[in-house]
Each structure stands twice: as structure tokens, then as C-alpha cells.
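Working through the structure, step by step
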Amino acid sequence: MNRKRLHFNFIGRSKIWFIISAVVILAGVAGYFIQGGFNFGIDFLGGTLIEVEFEQEIGSGEIREVLGREGYGSSVIQQTDSNKYIIRIKAEEIGKPISTDEKTRILDALDEDIGINPQLMQDRTVNPGFGSILIRNALIAIAISLAGILIYVWIRFEFRFGATAIVTLAHDVLVTLGVYAILGREINTSTIAALLTIIGYSLNDTIVVFDRIRENTPQARKFGYAGVVNNSVNMTLSRSINTSVTTLFPIILLLILGTAALKDFALALTIGIISGTYSSIFFASPILVVWNNKFSKYKK
């Protein structure tokens, strides 16, 4: 701990980091209410998704005009390439998923007015009842993951480390969902997969810091517990930053060059990794110090 290295007082500025986290999370909560809730995709609400390739470059306004004449003007239209678009018709907007005949009528109208490739790139329909099952299974998966993480960290370290890790993971999930709420981005199965990935990534980064804290804890008599935690964060700082940068590089490429599904997945990962790196450095360790100072048995 006496080696010369860049030393930053992370713990001494804990209030600043907590305020930043609170502002970001509250902005997400405000975005949630302003947007009228999350923008769930057809995976959760049911509906029909069609990816169409047009014969020429067009704008989404022309597509919406055609869909509007067919009674589907509120459909979600997402451009994936210069002449490729995803059309999402949610079941809640029309009361049920569209039938095969209705889908054919929509495609015929698009072909007649604009011109499309008859071979659809994507074509799937999800019944509304499946969405509730998916939501329940997603929540169960996240709950089991968090419970397993708490038990693992509790056994390997102490309960306070496990509880801090759970709070940190909740922070990262809330930040990611908050950004989605602010941007109005669709939440689908790719988003859930990304959230579970974020939980694993953020935990790994936090465990590295916690492991160094545990190794250095015997020196608390000399430096104080806050000093030990601060030194431990500084020791693992370069590792955390380097890992995050190298992980983000291919994900950002997916965000720029990937398909629509990959872009949805990459966006959540990008937000989560940035938040996870921030929380492992600026959020988890200060919480651990606050916990330590609150209970007398840890002060000793």
C-alpha cells in the first residue's frame, strides 16, 4: 500500500457521488412519469412485428401514411437501413394481434403504394398472454440472480459486502431502466438479457474491489477503515477502467453497425457497463464505509 501511485480521495467525496447517482435515478423516475411508463415491446404486450425491405429509399412518414389509411397509424416504425424498416403493431392498440389476412392487406398496401421485397426479413406475432408469462419469468430470473449473488458474496466475504453488492446492482439496473424511460426506448427480451448480463459484469467489477478491501483490512488500525477502502479503490482503479474500455469497444461497434435487435442489446449493455464501472468505484465502496461506520462491531 506504500507504492507510489495516482491517489484520489474517493471516500472523502462520497456525498458528491451519492448526489450524482440520486440525480440520475430521479431523472429516470421523472422520465418514466413524463413518458407515461416504459415502452414495452410486443414481447411483453403482444402484437405483430414485420421487417420490410423497400425497393427504394423512403422516409418513415410515407410508411406511416400508408399504415394510417389501413387503420394502423399508431404503429411503431424503426429504420434499420436506408430502405429497411421494422413495423411493430402492438396488440394493446388494436385489442388483439392482427390476423394473417390483415397482415397481407398491410403488405399489399405498402407494395402497391411504395414497393417492397416480397421476402420479409422478420415476421412474428406474439399473443398478449405470453407477455405476462415473460414478465413473470424475467422477474423470477432477476430475483434468483440477486439471491444467489447475496448468498455467494455473504459466504465469500461478509453479509455487509453482500448487501452492498445488491444495492450496487440495483443502482445499475435503475440507471439503465431510467435512461430507457427518458429516451422512450422499447424494452424487449434483448433488454432483459442485457440487464442480466449487466448484473454479472457489475458484480465482477465490484468483487475485485471488495477482494482488495478484504486483503487490506488488517491495516485499518494504521489507515482507518475509510483509508483502507480508499487505497483499495485506487489500487484497482486502472484495472476497472481498462476492463471497461476494452469491453465497451466491441459493444459500441455493435451499437453502430449491428442489426436492430443487436442495437437494442448493445444500448442496454453500454449504459449498464458505464454505470457498473461508476458504481464499483464511486458507489459501492462509500456505501461499505457508511455501513461500517453505522455499526459499532465493524468499527472495532
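Residues numbered from 1 in each chain as written. Predicted model: local features only at pLDDT ≥ 70, side-chain atom pairs only at ≥ 80, totals over all residues. Heavy atoms only, no water.

Topic: the pattern of salt bridges
Where charged atoms of side chains with opposite charge meet at close range, the side chains can pair. Worth spelling out the cut-off: Think of a salt bridge as a Lys or Arg side-chain nitrogen and an Asp or Glu carboxyl oxygen that are within 4 Å of each other. Labels follow the DSSP assignment, with helices taken as runs of H or I lasting at least four residues and strands as runs of E lasting at least two, numbered in each case from the N terminus. Per-residue accessibility, obtained with a 1.4 Å probe over protein chains only, is compared with the maximum for each type, and a residue is labelled buried under 20%, exposed over 50%, and partly exposed between these values.
Scanning the model with the defined rule gives nine salt bridges in all. Its salt-bridge partner being glutamate 186, residue arginine 88 comes within 3.0 Å of it at the nearest N-O pair. Here glutamate 186 lies in strand 6 (residues 186-187) and arginine 88 lies in strand 4 (residues 84-90), a separation of 98 residues in the sequence. Linking arginine 214 and aspartate 211 is a salt bridge whose minimum nitrogen-to-oxygen distance equals 2.7 Å. Of the two residues, arginine 214 and aspartate 211 both sit in helix 8 (residues 189-216), three residues apart, roughly one turn of that helix. For arginine 214, a relative accessible area of 37% translates into the label partly exposed. By sharing partners, the salt bridges in this structure join Glu65, Arg69 and Asp113 into a single network.

Topic: a nonpolar patch on the surface
Test applied: Excluding any residue in a salt bridge, patches collect residues exceeding 30% relative accessible area, merging like charges within 9 Å and nonpolar Val, Leu, Ile, Met, Phe, Trp and Tyr side chains within 5 Å. Computed with the Shrake-Rupley method and a 1.4 Å probe, the accessible areas treat only the protein chains shown as cover for residues.
On the surface, Phe249, Ile252, Leu253, Ile256 and Leu257 cluster together into a nonpolar patch covering about 530 Å² of accessible area. With respect to the secondary-structure elements, isoleucine 252 resides in helix 10 (residues 225-257).

Observations regarding the domain arrangement of the protein
Condition: Note that domain bounds follow an automatic or database assignment of domains. Only heavy atoms matter for contacts: two residues are in contact if any of them lie within 4.5 Å across the pair. Polar contacts, as used here, are pairs of N or O atoms within 3.5 Å; protein pairs need one atom able to donate a hydrogen and one able to accept it. Residues neighboring in sequence count only if both atoms are side-chain atoms. Any residue outside Ala, Val, Leu, Ile, Met, Phe, Trp, Tyr, Cys, Pro, Asp, Glu, Lys and Arg is labelled polar, Gly included; the first ten of those are nonpolar and the last four are charged.
Along its sequence, the protein is carved into domain 1 (11-40 + 129-294) and domain 2 (47-126). Measuring from the centre of the C-alpha atoms in domain 1 to the corresponding centre in domain 2 gives 37 Å. Counting residues at the interface gives six residues for domain 1, matched by six residues for domain 2. On inspection of domain 1 and its partner domain 2, the count reaches one salt bridge. The tally of links between domain 1 and domain 2 comes to one residue pair in polar contact (both at pLDDT 80 or more). Counting residues per element, the ones that place at least two in the side of domain 1 that touches domain 2 are strand 1 (39-40) and helix 11 (260-294). Residues that form the side of domain 1 that touches domain 2 fall into these classes: three nonpolar, one polar and two charged.

Brief notes about the sheet that holds strand 3 (residues 76-81)
Let me state the cut-off plainly: For two strands to be treated as a pair, DSSP must find no fewer than two bridges joining them. All axes are obtained by fitting lines to C-alpha atoms, using only the stretch in contact for helices, and the reported angles, taken between N-to-C directions, cover 0 to 180 degrees.
Across the sheet, four strands lie side by side as 3-4-2-5; this open sheet has antiparallel pairing. Only two strands of the sheet have a single partner each, and these edge strands are strand 3 and strand 5 (122-126). Ignoring which end each strand starts from, the neighbouring axes of this sheet average 15° apart.

Examining the packing of helix 7 (residues 159-183) against helix 8
Cut-off, in case you're wondering: If you view the pair so one helix is near and one far, a crossing is left-handed when the near helix is turned anticlockwise from the far one by less than a right angle, and right-handed when it is turned clockwise.
Where helix 7 meets helix 8, the closest approach of the two axes is 9 Å, and the angle between their N-to-C directions is 140°. Of the two elements, helix 7 crosses helix 8, and the hand of that crossing is right-handed. Counting all contacts with helix 7, which are made through Phe161, Thr164, Ala165, Thr168, Leu169, Asp172, Val173, Thr176, Leu177 and Tyr180, the residues of helix 8 involved are Thr191, Leu195, Ile198, Ile199, Ser202, Leu203, Thr206, Phe210 and Ile213. Of the residues assigned to the contact of helix 7 with helix 8, the class counts are 12 nonpolar, six polar and one charged.

A word on the packing of aromatic side chains
Which entries qualify depends on this criterion: Centre distance within 6.5 Å is the pairing criterion for rings of Phe, Tyr and Trp, where only the six-membered ring of Trp is used; planes under 30 degrees apart are then read as stacked, over 60 as edge-to-face, and the remainder as tilted. We call a charge positioned above a ring when the Lys NZ or Arg CZ atom is no farther than 6 Å from the ring centre and deviates by at most 35 degrees from the ring normal.
Counting across every chain of the model gives 13 aromatic pairs. For the ring pair phenylalanine 54 and tyrosine 85, a centre distance of 6.0 Å and an interplane angle of 80° mean the geometry is edge-to-face. Of this pair, phenylalanine 54 sits in the loop between strand 2 (47-53) and helix 3 (60-69) while tyrosine 85 is found in strand 4, placing the two residues 31 residues apart along the sequence. Summarising the burial analysis for this pair, phenylalanine 54 and tyrosine 85 share the class buried. Cluster of aromatic residues (ring-pair linked, three or more members): Phe8, Phe10, Trp17, Tyr278 and Phe282. The ring of phenylalanine 8 is capped by arginine 13, whose NZ or CZ atom sits 4.9 Å from the centre of that ring.

Some points on the nonpolar core
Filter applied, for reference: To qualify as a nonpolar core, a set must consist of buried Ala, Val, Leu, Ile, Met, Phe, Trp, Tyr and Cys residues joined through side-chain atoms within 4.5 Å.
Within the largest apolar cluster, 47 residues are counted, with the highest numbers of intra-cluster contacts made by Phe10, Val153, Phe161, Leu203, Phe210, Ile213 and Val229. Breaking this core down by element, the ones donating at least two residues are helix 6 (128-156), helix 7, helix 8, helix 10 and helix 11. Ranked by residue count, the leading element in this core is helix 11, at 12 residues. The contact partners of isoleucine 213, leaving out residues within four places of it in the chain, are Phe161, Tyr225, Val228, Val229, Ser232, Ser285 and Leu288. Grouped together as the second largest cluster of nonpolar side chains are 20 residues, Ile63, Tyr72, Ile98 and Leu120 included.

Here we look at the packing of helix 7 against helix 11
To characterise two packed helices, one gives the angle between the axes of the helices and the distance between these axes. Relative to each other, helix 7 and helix 11 sit at 145°, their axes nearing to 7 Å. Seen from above, helix 7 lies across helix 11 with right-handed handedness. Per-class residue counts for the contact of helix 7 with helix 11 are 16 nonpolar, nine polar and three charged.

With respect to the pairing of strand 3
Where strand 3 lies against strand 4, five bridges are found, and the strand directions are antiparallel. If you follow valine 76 over to strand 4, its bridge partner there is arginine 88. The turn joining strand 3 and strand 4, which pair antiparallel and follow one another in sequence, is formed by two residues.

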